[in-house]
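An overview of the molecular structure
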Amino acid sequence: MRVPSAFDLARHRMAPLAGASPSATVFDYRDPAAAGIPEKHSFRLDVLVLDPDRRRARIDGAPTDRIMFCLAGNVHVTQSGDDVSLRRWDCLALEASQAIDLARGDDAVEARVLLLTPDPAAYAAAGRAATVGGELGGARLARWGQVKGYDDAFATSGTPGLEKRVFKILNRGISAGAHVVPALPFEFPFAMSIIEMEAGKGATLHSHATEEVFIPLDGALDLFWGDSAEGMLRVAEHELVSMPTGLMRGFRNENGRRFHMIALVGGWNRQSIDSVTYRSDSFPAISAKEPVA
């Protein structure tokens, strides 16, 4: 496939999350051309901002379950008469069809949340239905600091320079081994993780048959792509980059300190696991090494 230049990638596949006020759609399965990234995705991603000019917001219900991630500040969330407060990097599963009310939790701090809404067609194609239910503060909440981290979640985990700790939020994604248990027990048509890397660590060249999205949380991500890593770009904190399917990509932490980022991989669990191909033959397909869960 054609390897995009850094200019092409930045123009068509990157979007800032820090400049949206009061809200912005980053990408959208319904109308890609009207979104910040005009490429087809299997879920919609919105940035919602609560600041001194907009302290409250109401979000209509959707036909699918949704995920809310608190990117900055803190926010009070109410759905179906139940409520919970989200702090930085907390994640919440939201029930289908029910409206959501948001209120800024601290008048001195702007709150910024990400709202991920899957395409209903993904449920129809897989013969699945929405599964989220229960109390907001129960199994629907993944509180940062309480999510378990795994040092052996990837096929490359034991390779020097590629060590990473993976905090699995939603779905197993491309995790190697049934022992990796996500913090949220509901299955969505995409996986979500927070990846922690020490200075100089990263990921070798690999590709996915489904979408993959990166969001640096507390520093910059050095991204490279192409069969020979001929493309390179630095993705700033709270920028988003969406990688084309089938394109080899990898990344490094060059911040000189520990760094965290969100990784989103499209597809239901088995689709996500089977979607990855490594440039090196040293890392065979995960599905060839483990039984179907």
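Preceding this section is the structure that the text describes.
Description of the structure in this document. Chains are numbered independently. Their residues run from 1 in the order of the written sequence. Where local features are concerned, this predicted model is filtered to residues with pLDDT of at least 70; where side-chain atom pairs are given and counted, the filter is 80 or more; whole-chain, interface and lining totals use all residues. With hydrogens and water excluded, all non-hydrogen atoms of the structure serve as input to the side-chain values.

**Regarding the overall build of the protein**
Here a strand is any run of E in DSSP of at least two residues, a helix any run of H or I of at least four, and the numbering for each starts at the N terminus. Summing up its helical and strand segments, the protein has 3 helices and 22 strands in all. For 293 residues, the compact-globule formula gives about 19 Å, and the C-alpha radius of gyration of the protein, at 18 Å, lands near that figure. Only protein chains enter the calculation, and the probe is 1.4 Å; a residue is then buried if its accessible area is under 20% of its type maximum, exposed if over 50%, and partly exposed in between. Buried residues in the protein amount to 54% of all 293 residues. Contact criterion: two residues are considered in contact whenever any of their non-hydrogen atoms come within 4.5 Å of each other. Of the contacts made within the protein by residues no fewer than 6 positions apart, 71% connect residues no fewer than 24 positions apart. Here the Shrake-Rupley method, with its probe set to 1.4 Å, supplies the accessible areas, and only the displayed protein chains count as covering residues. Here the protein has roughly 11900 Å² of accessible surface; of this, 49% comes from carbon and sulfur atoms. Counting rule applied: Lys, Arg positive; Asp, Glu negative; His and chain ends not counted. We put the charge of a Lys on NZ, of an Arg on CZ, of an Asp on CG and of a Glu on CD. Distance between charge centroids for the protein: 1 Å, based on 32 positive and 37 negative side chains. The atom set for the radius of gyration is the C-alpha atoms, and the globule formula is 2.2 Å times the number of residues raised to the power 0.38.

**Points about the side chain of arginine 249**
Counting through the fold element by element, arginine 249 comes out in strand E20 (residues 249-252). Definition of a polar contact: a pair of N or O atoms within 3.5 Å, with one able to donate and the other able to accept a hydrogen when the atoms are protein atoms, and with sequence-neighbouring residues admitted only if both atoms are side-chain atoms. Within polar-contact distance, the side chain of arginine 249 engages the side chain of glutamate 212 at 2.6 Å. With residues near it in sequence (within four places) discarded, arginine 249 still touches Thr204, Leu205, His206, Ser207, His208, Glu212, Phe214, Phe224, Trp225, Met243 and Pro244.

**Some details on the sheet that holds strand E12 (residues 149-150)**
Adjacent strands of a sheet form backbone hydrogen bonds with each other and so pair up, either parallel or antiparallel. Any two strands with at least two DSSP-identified bridges between them are counted as paired. The sheet built from 7 strands is open, its strands ordered E1-E19-E16-E21-E14-E13-E12 with antiparallel pairing. The open sheet has two edge strands with one neighbour each: strand E1 (14-16) and E12. As judged from the 5 bridges shared by strand E13 (residues 165-170) and strand E14 (residues 190-197), these two strands associate in the antiparallel manner. Bridge pairing in E14 links arginine 165 to glutamate 196. Relative to strand E19 (residues 239-243), helix H1 (residues 6-13) is tilted by about 110°, and along the sheet it contacts E1 and E19. Every axis corresponds to a line fitted to the C-alpha atoms, with the helix fit spanning only the stretch in contact, and the corresponding angles, defined between N-to-C directions, vary from 0 to 180 degrees.

**Some thoughts on the sheet that holds strand E22 (residues 276-278)**
Reading across from one edge, E18-E17-E20-E15-E22 is the order of the 5 strands in this open sheet, with antiparallel pairing throughout. Unpaired on one side and paired on the other, strand E18 (231-235) and E22 mark the two borders of the sheet. In this sheet, neighbouring strand axes are inclined to one another by 30° on average, regardless of whether the strands run parallel or antiparallel. The strands that H1 touches are strand E17 (221-225) and E18; relative to E18, the one it contacts most, it runs at about 45°.

**Considering unusual backbone geometry**
One non-glycine residue, serine 80, adopts positive backbone phi at about 55°. Relative to the helices and strands, serine 80 is located in the loop between strand E6 (75-79) and strand E7 (82-86). If you check the backbone angles, histidine 238 has positive phi at about 60° while not being a glycine. Note that histidine 238 resides in the loop between E18 and E19. Among the residues examined, histidine 238 registers a relative accessible area of 13% and is labelled buried.

**A short note on the nonpolar core**
Within soluble globular proteins, side chains that are nonpolar tend to cluster in buried spots. Only buried Ala, Val, Leu, Ile, Met, Phe, Trp, Tyr and Cys residues count toward a nonpolar core, and they belong to the same one when joined by side-chain atoms within 4.5 Å. Ranked by size, the top nonpolar core spans 37 residues in total, and within it Ile67, Phe69 and Leu114 carry the most contacts. Considering each element in turn, this core owes the most residues, 4 residues, to strand E3 (residues 43-50). Sequence-distant contacts of isoleucine 67, that is, excluding residues within four places in its chain, are made with Cys91, Leu92, Ala93, Leu114, Leu115, Leu116, Leu170, Leu184, Phe188, Phe190 and Met192. Within the second largest apolar cluster, 25 residues are counted, among which are Tyr150, Phe214, Val276 and Tyr278.

**Considering the environment of proline 38**
Within the element layout of this structure, proline 38 appears in the loop between strand E2 (23-27) and E3. Note: C-alpha distance between proline 38 and arginine 140 (102 residues apart in sequence) is 31 Å. Discounting chain neighbours no more than four positions away, the residues touching proline 38 are His12, Pro32 and Ala33.

Geometry only, nothing functional implied.
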